[in-house]
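Architecture at a glance
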Amino acid sequence: DSGVTQTPKHLITATGQRVTLRCSPRSGDLSVYWYQQSLDQGLQFLIQYYNGEERAKGNILERFSAQQFPDLHSELNLSSLELGDSALYFCASSVAASGGPWETQYFGPGTRLLVL
Amino acid sequence: SQQGEEDPQALSIQEGENATMNCSYKTSINNLQWYRQNSGRGLVHLILIRSNEREKHSGRLRVTLDTSKKSSSLLITASRAADTASYFCAPIQGAQKLVFGQGTRLTINP
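What follows concerns the side chain of D83 of chain B. Residue and element names in this part refer to chain B. Structurally, D83 can be placed in the loop between β8 (71–76) and β9 (85–92). Relative accessible area serves as the criterion here: at 8%, D83 is assigned to the buried category. In this structure D83 touches R60, I76, L106 and I108, once residues within four positions along its chain are discounted.

Dropping the structure here:
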């Protein structure tokens with residue numbers, strides 16, 4: 001158990017809908033990272049937050065957004081969902097006192113999203 | 001940011017044998033990390049090797065780093081069924097985000 005929790009574990013929704021994925025980092029970790037893993041794209045970095053502020057951005061679509069709250073949990077919002085958004089979404093956290101992504105990252109169990 | 005390229009893409013061995021997988025990258029790094037992913041689950045950090053280190057051990061894992069060849073290898077000795085997973089390397093330069101390749105899919109046959 002990495003100490004990172006993600007909810008829900010599974011999510012089934014329809015195209016055009018909006019969903020929110022939630023992540024709670026390990027106690028004391030200030031950085032949260034979001035990744036998307038699909039069969040054709042592999043594991044893609046989406047976005048990083050450090051202590052409430054956006055730190056780095058990857059291949060995140062404009063339809064997607066994230067935020068990190070004062071208690072350090074994070075939410076990833078996916079809107080106008082398309083079939084191709086079906087994937088595993090992982091959250092990771094790190095101690096990252098400096099916010100550098102070279103810190104060891106601890107991954108959550110993921111949320112499996114299926115868009116029908 | 002740069003991505004590591006793992007090789008081979010797939011590896012199947014008998015339980016008890018050693019498994020070796022390789023990672024190549026393109027530019028200089030500060031450190032390189034190896035992660036494991038069991039099917040459908042999150043990645044688990046295995047080991048980090050810094051650019052000034054040549055070899056590092058952790059239990060049955062041995063990682064080498066050759067910065068002149070821009071490559072790293074992960075050796076798993078005395079493999080077990082539980083080692084069946086995908087293995088990813090992540091070369092890190094400065095404050096770059098982690099970028100993962102397609103990984104090596106390791107299957108340990110009983």
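On to the pairing of strand β6 (residues 53–57) of chain A. All names here are of chain A. Note that strand β5 (residues 42–50) and β6 share four bridges and pair antiparallel. Considered in β6, the bridge of Q48 is made with A56. Between β5 and the antiparallel strand that follows it, β6, lie two residues; N51 among them carries a positive phi value of about 50°.

What follows concerns the pairing of β8 of chain B. All names here are of chain B. Most of β8 is tucked away, with five of its six residues classed as buried. Two strands pair when backbone bridges link them, and strand β3 (residues 19–24) and β8 are joined in this way by six bridges, in the antiparallel orientation. Residue M21 lies in a different strand from β8, and its bridge partner there is L74. With six bridges joining them, strand β7 (residues 61–66) and β8 adopt antiparallel strand pairing. From the neighbouring strand, V63 faces β8, where its bridge partner is L74. Counted between consecutive antiparallel strands, the loop separating β7 from β8 contains four residues, among which K70 sits at a positive phi close to 50°.

Parameters at a glance
In every chain, residue numbers begin from 1 and rise along the written sequence. For naming, the first written chain is A and the first written ligand is 1, with later ones following in the order written. In view of the model being predicted, local features appear only for residues whose pLDDT reaches at least 70, and side-chain atom pairs are presented and counted only at 80 or more, with totals across whole chains, interfaces and linings using the full set of residues. To get the side-chain values, take all heavy atoms of the structure and skip hydrogens and water. Only DSSP runs of H or I reaching four residues or more are called helices, and only runs of E reaching two or more are called strands; each is numbered from the N terminus. Note on classification: 1.4 Å probe, protein chains only; a residue is buried when its accessible area is under 20% of the maximum for its type, exposed when over 50%, partly exposed between these limits. What makes two residues a contact is simply this: any of their non-hydrogen atoms within 4.5 Å. Two strands are counted as paired when DSSP detects at least two bridges linking them.

Function cannot be inferred from these measures alone, as they are strictly geometric.
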